[in-house]
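What follows is each chain in one-letter form.
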Amino acid sequence: MLNDLIKALIVGICAAVPVGPVLILILQKTLRRGRWAGTVAGIGSALGDAIYAAIGLFTISLLSDFINGHAALIMILGGVLVAVIGITIFLKDASSGLDSEESHFTMAGYAVQTLGCVMSNPAALAVMIALLSVFGLDAHTTAAPVWAVVLCVFGGEFLYWYSISALVGRFMRVKPRTLKIFSKICGAVIAVFGIVLIVKGIISIL
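Residues numbered from 1 in each chain as written. Predicted model: local features only at pLDDT ≥ 70, side-chain atom pairs only at ≥ 80, totals over all residues. Heavy atoms only, no water.

Asks: Help me out: how do you make sense of the overall build of the chain in this one?
Replies: Summing up its helical and strand segments, the chain has nine helices and zero strands in all. Helices and strands appear in the chain in the N-to-C order α-α-α-α-α-α-α-α-α. Sorting the 206 residues of the chain into buried and exposed places 44% on the buried side. Across the chain, the fraction of contacts at a sequence separation of at least 24, relative to all contacts at a separation of at least 6, is 93%. As displayed, the chain offers around 10,700 Å² of accessible surface, 74% of which is attributable to carbon and sulfur atoms. (Helix = DSSP H or I, 4+ residues; strand = E, 2+ residues; numbered from the N terminus. Buried < 20%, exposed > 50% of the residue type's maximum accessible area, 1.4 Å probe, protein only. Contact = heavy atoms within 4.5 Å. Areas by Shrake-Rupley, 256 points an atom, 1.4 Å probe, with all protein chains shown as cover.)

Asks: Would you explain the packing of helix H1 (residues 2–16) against helix H7 (residues 122–134) in this entry?
Replies: For any two helices packed against each other, the geometry is given by the interaxial angle and the distance between the axes. Interhelical geometry of H1 versus H7 gives an angle of 145° and a closest axis separation of 10 Å. Regarding H1 and H7, the two cross each other, and that crossing is right-handed. Counted together, Val 11, Cys 14 and Ala 15 of H1 and Met 128, Leu 131 and Leu 132 of H7 form the full contact between these two elements. Split into classes, the residues belonging to the contact of H1 with H7 amount to six nonpolar, no polar and no charged. (Axes fitted to C-alpha atoms, helices over the stretch in contact; angles between N-to-C directions. Left-handed = near helix turned anticlockwise from the far one by under 90°. Nonpolar A, V, L, I, M, F, W, Y, C, P; charged D, E, K, R; others polar.)

Asks: How do you make sense of the packing of aromatic side chains when you look at a structure like this?
Replies: Geometrically, a pair of aromatic rings is defined through the distance of the ring centres and the angle of the planes. In total, this model carries four aromatic pairs according to the counting rule given. Plain terms: the ring middles of Trp 36 and Tyr 162 are 6.0 Å apart, the flat faces sit at 50° to each other, and that makes the pair tilted. With Trp 36 in helix H3 (residues 35–58) and Tyr 162 in helix H8 (residues 146–171), this pair connects stretches of sequence that are 126 residues apart. A residue is classified by how much of its surface remains accessible, and Trp 36, at 48% relative accessible area, is partly exposed. What makes Tyr 162 partly exposed here is its relative accessible area of 28%. Between Tyr 160 and Trp 161 the ring centres are 5.1 Å apart and the planes differ by 75°, which places this aromatic pair in the edge-to-face class. (Phe/Tyr/Trp six-rings, centres within 6.5 Å; stacked < 30°, edge-to-face > 60°.)

Asks: Quick question: what am I supposed to make of the packing of helix H2 (residues 21–33) against H3 here?
Replies: The geometry of H2 relative to H3 is characterised by a closest axis approach of 6 Å and an angle of 155° between their N-to-C directions. Here H3 runs roughly antiparallel to H2, going by the angle between their axes. In this structure, the crossing between H2 and H3 has a hand that is right-handed. Along its contact with H2, which presents Val 22, Ile 26, Lys 29, Thr 30 and Arg 33, the element H3 presents Arg 35, Ala 37, Gly 38, Ala 41, Gly 42 and Ser 45. Residues that form the contact of H2 with H3 fall into these classes: four nonpolar, four polar and three charged. (Parallel < 35°, antiparallel > 145°, perpendicular 65-115°, else oblique.)

Asks: In this structure, what is going on with the confidence of the model for the chain? I would like to understand it.
Replies: This prediction gives the chain a mean pLDDT of 78; 81% of its residues lie at or above 70. Taken together, the stretch residues 95–101 has pLDDT below 50 and engages in eight contacts with residues farther than four places along the chain or on a different chain. (pLDDT = per-residue confidence, 0-100.)

Following this line, the structure appears as structure tokens:
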């Protein structure tokens, strides 16, 4: 049982490692608002992958078939969402409110942004299922309760993002002008990710 839980923790960490819009979002939030903002943003990503882990473990064929059958539409809608997030970051003044206290609503919004990025990418489900297969985790054979495995996947990814946010928040200091430029670059890159998703979705339909 303990072995399965350790594997689930590793799955969560591995799911977080690939470079993408989530990493860029978390770095931008951490540099702009501090490590706790980056950590909260990481929670959204961890929650999205935990949902995909639950789908993979239970092998819900109906839901999996729906996602695969509507992958193009999901990519287009998800691409629009990701592009909007990127454009919003690009247009927002990164130097405004740096010293102001963050509201609970705004902090929760960071988690929603990263959750949206994860759930808008059907490939994330494929990656999660592949990781679960590699580590031999399945709802029918695992000795640990499924809810505990899903929780450990969430925990592994959360620990990864917490560590990244803590390291960046502790050792990286940037001037307001540099932060503004970095935010512009982050927004542009995230918007490009969204446009790529939209194009891939349109190509899949054609």
